[in-house]
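Chain by chain, the residues:
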Amino acid sequence: MQLAAAALLVLVLTSITSAAAKSTIEPCSNSASCPALVGYTLYTDLKVSELASLFSTDPISLLLANSIDISLPDVENHILPSQLFLKIPVSCACVDGIRKSAAVTYKTRPADTLASISTAVYAGIVSPDQIRDANPNADLSDPSVIAVGTPLAVPLPCTCFNNSDNNLPAVYMSYVVKDVDTLSGIAARYVTTVSDLMNVNALSSAEIKDGDILAIPLSACASNFPKYSSDYGLVVPNGSYAITAGHCVLCSCGPGSRNLYCQPAPLAVSCSSMQCRFSNLMIGNITAQPSSGGCNLTSCSYNGFVNGTIGSTLSTYLQPRCPGPQQFPTLIAPPTSLPDSYFAPAPSPSEAGGIPSTNPRSVVPSTGVAFGLPPAGGPAGSASGASNAHSLMDRVTAFPVALVLCLVVKFVLSTPL
């Protein structure tokens, strides 16, 4: 009887630790991509350029997405501390009918396994199975033995939903839930609501668990560039910056703003003319002349990058009052240690050696379920594919392990030999 009780204990503990995490996916049917973000916690100290290489992104864009000052010399070689949380800009494409970041590649190093690449290097944002499935031509027959230097495509989860949320501009960030997180805490941190997060992620309750991957809508400023410009569809999250036009133009989304503001970038690069025709104004310049009817404004605005040329538009208009100074997101120095609160959330991976115990998996959403609706302004007929209900095993994991152990011990002691 004691053996039976011990077997029951093992079964319970195995069930507790093997519950699978959820991931939000977005069905798609066109080839258009969108700007998106991945929430990432550094697994070790990394240079900015090394971190950018992990995600196949531009180092300057990575820094600006986190409002980090790029004016310091050799900033690309600045060393960022382990456990720092950053928002990584990625291009979200449509691959095999699902939104994912398809441009990220990783070259394997000694001792790499699919599990370590997934849980340590990429902090649980992608599973070993997803990496294996994305690389059918690579020799991954033994996921624990991979030849050094093997290039692997890393399909990071991302969402677009037309870069809108509740009919307002938004950029979506894929975020790995930590064991200390609650849905209300995440909503407060990223200035959204619990109901909006539930809607976007097709959740039937506010219950989340360690390893789940949520799509978080971040308020943003959207561009209105022509479709033939190379930076068409540029959207910048509130409180951050983006660089475009070959590092010539810096665009920002000020605190609490919905208006994209672009100006010449403070980098020593060769650029085409940034002056508006028939004026002496440069892009970003605005002149204001008060009058009896209000305020006459003349502005020179950036209008997209076309065939290596910086587009500009000169506009003159009247509004009731003259605007105040342009509000810019606050720039911070490149971090050398973990800030107390600026970069959130809790560190990851959580285990010594950087290997968490759970892996994410994608779950295709069912249809016609409460809260299983796409965000307002999102693609018609598509729900953001997180599982819409927790399984019975999810509910088991809500009970403290100590309670389970206590019940088993009590059962063993009360059973006659």
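Keep in mind the model is a prediction, meaning the values are calculated, not measured. (Residues numbered from 1 in each chain as written. Predicted model: local features only at pLDDT ≥ 70, side-chain atom pairs only at ≥ 80, totals over all residues. Heavy atoms only, no water.)

## Focus on the overall build of the chain
Argument step 1. A count of helical and extended segments in the chain gives nine helices and 18 strands.
Argument step 2. Classification of the 417 residues of the chain by burial places 46% in the buried group.
Argument step 3. In the chain, once contacts between residues fewer than 6 apart in sequence are set aside, the share between residues at least 24 apart is 68%.
Argument step 4. Per element, the accessible surface of the chain, about 20100 Å² overall, is 57% carbon and sulfur. (Helix = DSSP H or I, 4+ residues; strand = E, 2+ residues; numbered from the N terminus. Buried < 20%, exposed > 50% of the residue type's maximum accessible area, 1.4 Å probe, protein only. Contact = heavy atoms within 4.5 Å. Areas by Shrake-Rupley, 256 points an atom, 1.4 Å probe, with all protein chains shown as cover.)

## Some details on the sheet that holds strand S14 (residues 249-253)
Argument step 1. An order of S13-S14-S15 is seen for the three strands of this open sheet, with the pairing classed as antiparallel. Every other strand in the sheet has two partners, leaving strand S13 (240-244) and strand S15 (261-264) as the edge strands with one partner each. When strand polarity is set aside, the average angle formed by the axes of neighbouring strands in this sheet is 25°.
Argument step 2. Sheet topology places S14 next to S15; four bridges connect them, and they run antiparallel. Among the inter-strand pairings, Val-249 is bridged to a residue of S15, identified as Pro-264. (Pairing = 2+ DSSP bridges. Axes fitted to C-alpha atoms, helices over the stretch in contact; angles between N-to-C directions.)

## Digging into the sheet that holds strand S17 (residues 294-306)
Argument step 1. Pairing within the open sheet is antiparallel, and its three strands lie in the order S16-S17-S18. Bordering the open sheet on either side are strand S16 (286-291) and strand S18 (309-319), each of which pairs with just one other strand. Neighbour to neighbour, the strand axes of the sheet diverge by 20° on average, direction disregarded.
Argument step 2. Here S16 runs beside S17; their pairing, made up of six bridges, is antiparallel. Across the sheet, the residue bridging to Ser-291 is Gly-294, located in S17.

## Topic: the environment of Asp-165
Argument step 1. With respect to the helices and strands, Asp-165 occurs in strand S9 (residues 164-165).
Argument step 2. Each C-alpha atom of the pair Asp-165 and Val-200 lies 8.6 Å from the other, and the pair is 35 residues apart in sequence.

## Here we look at the pairing of strand S5 (residues 98-101)
Argument step 1. Alternating positions in S5 separate cleanly, Arg-99 and Ser-101 being buried on one face and Ile-98 and Lys-100 remaining unburied on the opposite face.
Argument step 2. The sheet contact formed by strand S4 (residues 85-95) and S5 spans three bridges and is antiparallel. Pairing of Ala-93 across the sheet is with Lys-100, part of S5.
Argument step 3. In this antiparallel pair of consecutive strands, S4 and S5, the connection spans two residues, and Asp-96 shows a positive phi of 55°.

## Details of the nonpolar core
Argument step 1. In terms of nonpolar packing, the biggest core is built from 48 residues, with Leu-51, Phe-55, Leu-86, Ile-88, Tyr-122 and Leu-156 touching the most fellow members.
Argument step 2. Breaking this core down by element, the ones donating at least two residues are strand S1 (34-41), helix H2 (48-54), helix H3 (59-65), S4, helix H4 (114-121) and S13.
Argument step 3. Excluding residues that lie within four positions of it along the chain, Leu-156 makes contacts with Val-38, Phe-55, Val-90, Lys-100, Ser-101, Val-104, Tyr-122, Ile-125 and Val-126. (Core = buried A, V, L, I, M, F, W, Y, C linked by side-chain atoms within 4.5 Å.)

## Focus on the state of the cysteines
Argument step 1. The full count for this structure, using the stated rule, is eight disulfides.
Argument step 2. One disulfide bridge connects Cys-34 with Cys-160, the sulfur atoms lying 2.0 Å from each other. Between Cys-34 and Cys-160, the disulfide has an S-S torsion of -95° and is therefore left-handed. Highlighted residues: Cys-34 in strand S1 and Cys-160 in the loop between strand S8 (156-157) and S9, separated in sequence by 126 residues.
Argument step 3. The exposure class assigned to Cys-160 is buried, which follows from its relative accessible area of 3%. (Disulfide = S-S within 2.5 Å.)

## As for the environment of Leu-281
Argument step 1. Locating Leu-281 in the fold gives a position in the loop between S15 and S16.
Argument step 2. Residue Leu-281 is classed as buried on the basis of its relative accessible area of 11%.
Argument step 3. Sequence separation of Leu-281 and Thr-298 is 17 residues, and the distance between their C-alpha atoms is 9.0 Å.
Argument step 4. Not counting residues within four places of it along the chain, the set of residues in contact with Leu-281 comprises Met-274, Gln-275, Cys-276, Thr-287, Thr-298, Cys-300 and Leu-314.

## Some words on the packing of aromatic side chains
Argument step 1. Considering all chains together, one arrives at eight aromatic pairs under this definition.
Argument step 2. Taking 5.4 Å as the distance between ring centres and 70° as the angle between the ring planes, the aromatic pair formed by Phe-161 and Tyr-172 counts as edge-to-face. Residue Phe-161 is found in the loop between S8 and S9, and its partner Tyr-172 is found in strand S10 (residues 168-176); the two are separated by eleven residues along the sequence. By the burial criterion, Phe-161 is buried, and Tyr-172 matches it.
Argument step 3. Counting every residue linked through ring pairs, the aromatic cluster contains Tyr-40, Phe-55, Tyr-106 and Tyr-122. (Phe/Tyr/Trp six-rings, centres within 6.5 Å; stacked < 30°, edge-to-face > 60°.)

## Examining the pattern of salt bridges
Argument step 1. Applying the stated rule across the entire model yields four salt bridges.
Argument step 2. Between Arg-132 and Asp-133 there is a salt bridge, with its nearest N and O atoms 3.8 Å apart.
Argument step 3. For Arg-132, a relative accessible area of 35% gives the class partly exposed.
Argument step 4. Between Arg-189 and Asp-181 there is a salt bridge; the shortest N-O distance is 3.4 Å.
Argument step 5. Given a relative accessible area of 31%, Arg-189 falls into the partly exposed group.
Argument step 6. Taking relative accessible area as the criterion, Asp-181 reaches 9% and is therefore assigned buried. (Salt bridge = Lys/Arg side-chain N within 4 Å of Asp/Glu carboxyl O.)

## As for the confidence of the model for the chain
Argument step 1. When pLDDT is averaged along the chain, the result is 80, and 76% of the positions lie at 70 or above.
Argument step 2. Of the regions scoring below 50 in pLDDT, residues 1-19 engages in 20 contacts with residues more than four places distant in sequence or in other chains.
Argument step 3. Confidence over residues 342-413 falls short of pLDDT 50; this stretch has 163 contacts with residues more than four positions distant or in other chains. (pLDDT = per-residue confidence, 0-100.)

## What about unusual backbone geometry?
Backbone phi values are negative for most residues with the exception of glycine, while trans is the configuration of most peptide bonds.
Argument step 1. Not every positive phi belongs to a glycine, and Gln-83 is a case in point at roughly 75°.
Argument step 2. Position of Gln-83 relative to the elements: it lies in the loop between strand S3 (79-80) and S4.

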